[in-house]
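This is what each chain is made of:
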Amino acid sequence: MFWFLLITMVVVVAAVTLAVVGGGDSEVLPEVAPEQLVDPLPAARPVDRADVEALRLPVAARGYRMADVDDVLVRLGAELAERDARIAELEEALAGAAPAGDAGAEGGEK
């Protein structure tokens, strides 16, 4: 029984040593390049709902890569601010045009 345990222990130690040291020149796990964000947000046109729904951020060891998320959020925030400014500008123009249009219509009715 003693010899069986001794041989088993030698085989296990040899297997663990071989696994740790490696069996040759090949790597156990090859190096993998980190995922990079392929910017699916269009640069030539405004971002629409389909672009945001199709957006997939690369995953890192602890979740998402903060730099990629920050870049996307900055881009979306800038476009939303630009749209808000354009909406305010159009509402202002519409409010300024409404009284002039109403006065012209009333003048024609008299």
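Note that the coordinates shown come from a computational prediction; the quantities given were computed from them, not determined experimentally. (Residues numbered from 1 in each chain as written. Predicted model: local features only at pLDDT ≥ 70, side-chain atom pairs only at ≥ 80, totals over all residues. Heavy atoms only, no water.)

## Re the pattern of salt bridges
Formally: The salt bridge definition used is simple: a Lys or Arg side-chain nitrogen within 4 Å of an Asp or Glu carboxyl oxygen. Type-normalised accessible area, obtained with a 1.4 Å probe on protein chains alone, sets the label of each residue: buried when under 20%, exposed when over 50%, and partly exposed for intermediate values. Numbering of helices and strands runs from the N terminus, with a helix taken as a DSSP run of H or I at least four residues long and a strand as a DSSP run of E at least two residues long.
Under the criterion given, the structure shown has seven salt bridges. Between Arg45 and Asp48 there is a salt bridge; the shortest N-O distance is 3.8 Å. Assessed through its relative accessible area of 37%, Asp48 is described here as partly exposed. Among the ionic pairs, Glu79 bridges to Arg83, the shortest N-O distance being 3.8 Å. Of the two residues, Glu79 and Arg83 both sit in helix H3 (residues 66–109), four residues apart, roughly one turn of that helix. Assessed through its relative accessible area of 14%, Glu79 is described here as buried. Through salt bridges that share partners, Arg45, Asp48 and Asp51 make up one connected network.

## Focus: the packing of aromatic side chains
Stated formally: Between 30 and 60 degrees the pair is tilted, below 30 it is stacked and above 60 it is edge-to-face, where a pair is any two Phe, Tyr or Trp rings, Trp via its six-membered ring, whose centres lie within 6.5 Å.
One pass over the full model with this rule turns up one aromatic pair. Taking the centre distance of 5.7 Å and the plane angle of 70° together, the rings of Phe2 and Trp3 count as edge-to-face. When sorted by exposure, Phe2 lands in the same class as Trp3, which is exposed.

## Focus on the side chain of Asp51
Convention followed: Contact between two residues is taken to exist if any of their heavy atoms lie within 4.5 Å; hydrogens are not considered.
Inspection of the secondary structure assignment puts Asp51 in helix H2 (residues 49–54). Taking the relative accessible area as the measure of exposure, Asp51 reaches 11% and is therefore buried. Beyond its immediate chain neighbours, meaning those up to four positions away, Asp51 contacts Leu41, Pro42, Arg45 and Pro46.

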